[in-house]
Amino acid sequence: MVARLEPCPLCFSPYAALFYSSRDKNMERDFFRCPKCDLVFVPDRYHIGAEAENERYLTHNNVPADEDYRAFLDRLHRLPALTGPWIRDSSWMAYSVSSIAAR
Ligand SMILES: [Zn+2]
């Protein structure tokens, strides 16, 4: 079996390995984890286009009081692999929201 590797978009290490495969409806994508900087990311091929992304963002306001925004972010809790103790700071979550929950 050949390991699936992707280049890390943060530190450019070429050795980010498959970390988790989601097959949930509307969430079918692979997540990779970088062994150098620990970033977990979704490769570009799973990203939606700019127009669809804009439509998605127009459905809510990025404030905690907005129920649609909370529902948008709540999708992260449905990914079992993303609930580990290695999630430790808000900058990682900001990256996650743009690269994962926007799908
Ligand atoms: Zn990295």
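Each chain has its residues counted from 1, following the order in which its sequence is written. Since the coordinates come from a predicted model, pLDDT governs what is reported: local features require at least 70, and pairs of side-chain atoms require 80 or more to be given and counted, while whole-chain, interface and lining totals use all residues.

(A) Highlighting the overall build of the chain. Helix and strand assignments follow DSSP, with helices taken as H or I runs no shorter than four residues and strands as E runs no shorter than two, numbered in order from the N terminus. Along its length, the chain carries three helices and four strands. Listing the helices and strands of the chain from first to last along the sequence gives β-β-β-β-α-α-α.

(B) Looking closely at the pairing of strand β2 (residues 16–22). One requirement defines pairing of two strands: DSSP has to find at least two bridges between them. Across two bridges, the pairing between strand β1 (residues 5–6) and β2 is antiparallel. Of the residues in β2, the one forming a bridge with L5 is A17. Summarising the sheet, β2 and strand β3 (residues 29–33) pair through five bridges and their orientation is antiparallel. Among the inter-strand pairings, S21 is bridged to a residue of β3, identified as D30. If you look at the hairpin formed by β2 and β3, you'll find six residues sitting between the two strands, and N26 has a positive phi there, around 65°.

(C) Structural view of the nonpolar core. The term nonpolar core refers to a group of buried residues, namely Ala, Val, Leu, Ile, Met, Phe, Trp, Tyr and Cys, whose C-beta atoms join them within 7 Å. To sort residues by exposure, count the other C-beta atoms lying within 10 Å of each residue's C-beta; 20 or more gives buried, 12 or fewer gives exposed, and values between give partly exposed, all with C-beta atoms placed from the backbone. Core analysis: the largest hydrophobic core is formed by eight residues, namely C8, A16, F31, F32, C34, V40, F41 and V42. Those elements that place two or more of their residues in this core are β3 and β4 (40–41).

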